[in-house]
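# Inside the fold
Below are the chains, spelled out letter by letter.
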Amino acid sequence: QDLLAQLKAGASFEELAKQHSTDTSNAGRGGDLGFFAAGKMVAPFEAAVDRLQKPGDLSEPVLTQFGYHLIRLEERREKGRQSFDEVKDT
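Small disclaimer: the values here were computed from a predicted structure and weren't measured.

## Concerning the pattern of salt bridges
- A complete count under the given rule lists six salt bridges for this structure.
- Of the charged contacts in the structure, one is a salt bridge between Glu 60 and Lys 8, with a shortest N-O distance of 3.7 Å. You can see Glu 60 sitting in the loop between α3 (43–51) and β1 (62–64) and its partner Lys 8 sitting in helix α1 (residues 2–8), a full 52 residues away along the chain.
- Look at Lys 8 and you get exposed, because its relative accessible area is 58%.

## Comments concerning α3
- Taken residue by residue, α3 has Phe 45, Glu 46, Ala 48 and Val 49 as its buried positions. One side of α3 carries all its buried residues, which in axial view fall inside an arc of 160°. For α3, the exposed residues set more than 90 degrees away from the buried face come down to Ala 43 and Arg 51.
- Buried residues along α3 sit against β1 and β2 (67–69).

## Brief notes about the side chain of Ser 59
- Counting through the fold element by element, Ser 59 comes out in the loop between α3 and β1.
- Those residues in contact with Ser 59 that lie beyond four places of it in its chain are Leu 4, Leu 52, His 69, Leu 70 and Ile 71.

## What to know about the packing of aromatic side chains
- Summed over all chains, the structure comprises one aromatic pair.
- Between Phe 36 and Phe 45, the ring centres sit 6.3 Å apart and the planes meet at 55°, which makes this aromatic pair tilted.
- Among the residues examined, Phe 45 registers a relative accessible area of 9% and is labelled buried.
- The ring of Phe 35 carries the charged tip of Arg 77 above its face, separated from the ring centre by 3.6 Å.

## Some words on the nonpolar core
- Grouped together as the largest cluster of nonpolar side chains are seven residues: Phe 45, Ala 48, Val 49, Leu 52, Val 62, Ile 71 and Leu 73.
- Top contributing element to this core by residue count: α3, with three residues.
- In contact with Phe 45, not counting residues within four places along its chain, are Leu 33, Phe 36, Val 62, Thr 64, His 69 and Ile 71.

What counts as what
Residues numbered from 1 in each chain as written. Predicted model: local features only at pLDDT ≥ 70, side-chain atom pairs only at ≥ 80, totals over all residues. Heavy atoms only, no water. Salt bridge = Lys/Arg side-chain N within 4 Å of Asp/Glu carboxyl O. Helix = DSSP H or I, 4+ residues; strand = E, 2+ residues; numbered from the N terminus. Buried < 20%, exposed > 50% of the residue type's maximum accessible area, 1.4 Å probe, protein only. Arc of directions from axis to C-beta. Contact = heavy atoms within 4.5 Å. Phe/Tyr/Trp six-rings, centres within 6.5 Å; stacked < 30°, edge-to-face > 60°. Lys NZ or Arg CZ within 6 Å of the ring centre and 35° of its normal. Core = buried A, V, L, I, M, F, W, Y, C linked by side-chain atoms within 4.5 Å.

Shown next as structure tokens:
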């Protein structure tokens, strides 16, 4: 709740993620998970993301088996398939 209050007061999501996240796979990137498809995250996390409507929206703290999460929506992409040329480098 304290971190959420700091975010609502204008603190940097990226800096708070770097300082407080225990997820070593993305803390160094300021908590950025990149884009992910439906069904790729655990259910409580995905449900919280689905409730976010517009870029900049913040979730309430979300509890999953991995701990607590604060989520900020950056962008949504329309569902669809990417061409081979779009994904060949990944």
